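Close look at the chain arrangement
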Amino acid sequence: MTVTRPARLTGAALCAALALIAAVWILQDLAELGSPADLARYWTGDHRVLIRGRSATSLIDPVLLAAYAAAVVAALRSRHAASALAAVGTVTLALRLPGLWAHDSGALVTALLELALAAGLVLTAAVGRRRADVPYEREPTRPRTGPAIAAGVLLALAALLVTLWELYWAGELPTEFTVDRFTGGRSVVKAVLAPPPGWLSVIAVALYGTAAVSCFLRARHGRAFGLLAAAFLTAGGAAGVARAVRYETLTRLGDLTSAGSADILTSVFELLAGLAVLVLLAGRGAPAAAPGHHPAAGAPPAPPYARPPGW
């Protein structure tokens, strides 16, 4: 499948609008904190940073901003950008949905706007597709077998770890606190735009799992979903490792509780696994045969056939 030029331009515009919204909120937080380093420390979990009120953004906002920028480039440069647009739109819908029951009016308006843009993005990716029905157009390539399987294993392990941690917290916390982790109740302290932590875990498991299955099947959309999943995985792991380095716990694993040590080791795995998946899926896909050609055929079909543009 390829994407028509009007759909690509529409998708690029929608992604640019989403990127602009994310950038405005990040700049607002930067003005509150006064230092990019302090904002980065807050994103990585250092809540000792003094701010006037709560932060609006969280770690997912710069990751989404980077994803939107990458999707804009993909839409403008490639006829095969449907999977990238669909992946970014779907994840945005899932992450911003809890904003509909936010108490902050700014978060509610932002959620409504972003949900509308993300829905338009998914619709554009679906409606704007068409088959490559002329000889010079090629289908999107599939990920190579070895890298795809390796990436799928790492993403599946990441999904399993997130699930195990949620089960652990469900057993450790009172029932009302566990429910608040998914609904964003009063016991949850978070950034204004951030989804509740339990909700975020569900989305992470769904994203990692979907990307893993796509990689195992070597689906054409596997690279887009896999790279997006790897970006979130890398960011989460980097934040955990940064906290461990800041609090000097990375070198004192033996002095921590088993849960504390497991948390740090999970962050190390997420960082390394995320970087590995980015490398594995960023390379060229497996070469595909040109449309109209068959392995046993000796010569291409005879004219008449459509000629490339500008021929």
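The structure reproduced in this document is the subject of the present report. Fair warning: this is a prediction, and the values are worked out from it, not measured in the lab. (Residues numbered from 1 in each chain as written. Predicted model: local features only at pLDDT ≥ 70, side-chain atom pairs only at ≥ 80, totals over all residues. Heavy atoms only, no water.)

Here we look at the packing of helix α9 (residues 222-246) against helix α10 (residues 258-282)
Running from amino to carboxyl end, α9 crosses α10 at an angle of 150°, the nearest separation of the two axes being 7 Å. Here the hand of the crossing between α9 and α10 comes out left-handed. Each residue belonging to the contact of α9 with α10 can be placed in one class, and the counts come to 16 nonpolar, eight polar and two charged. (Axes fitted to C-alpha atoms, helices over the stretch in contact; angles between N-to-C directions. Helix = DSSP H or I, 4+ residues; strand = E, 2+ residues; numbered from the N terminus. Left-handed = near helix turned anticlockwise from the far one by under 90°. Nonpolar A, V, L, I, M, F, W, Y, C, P; charged D, E, K, R; others polar.)

Considering the pattern of salt bridges
Taken as a whole and judged by the stated rule, the model has four salt bridges. With a shortest N-O distance of 2.6 Å, Arg-96 and Glu-114 are connected by a salt bridge. Residue Arg-96 is found in helix α4 (residues 82-96), and its partner Glu-114 is found in helix α5 (residues 105-127); the two are separated by 18 residues along the sequence. Here the two residues Arg-96 and Glu-114 agree in accessibility, since each one is buried. The closest approach of N and O atoms between Arg-181 and Glu-166, which form a salt bridge, is 2.5 Å. With Arg-181 in helix α7 (residues 175-183) and Glu-166 in helix α6 (residues 145-172), this pair connects stretches of sequence that are 15 residues apart. (Salt bridge = Lys/Arg side-chain N within 4 Å of Asp/Glu carboxyl O. Buried < 20%, exposed > 50% of the residue type's maximum accessible area, 1.4 Å probe, protein only.)

Considering the layout of surface pockets
Of the voids in this model, the largest pocket is the one considered here, and its volume is about 1400 Å³. Around the largest pocket, the lining is made up of 44 residues, and of these Pro-197, Leu-200, Ser-201, Gly-236 and Arg-243 lie nearest the centre. Taken together, the elements giving at least two residues each to the lining of the largest pocket come down to α2 (36-43), α3 (60-77), α4, α6, α8 (197-216), α9 and α10. The leading source of residues in the lining of the largest pocket is α9, at eight residues. The residue inventory of the lining of the largest pocket, partitioned by class, reads 27 nonpolar, 11 polar and six charged. (1 Å grid on protein atoms, 1.4 Å probe; cavity = no way out; pocket = protein on both sides within 12 Å on 5 of 7 lines; lining within 4 Å. Points joined across faces, edges and corners; volume = space filled by probe spheres on them.)

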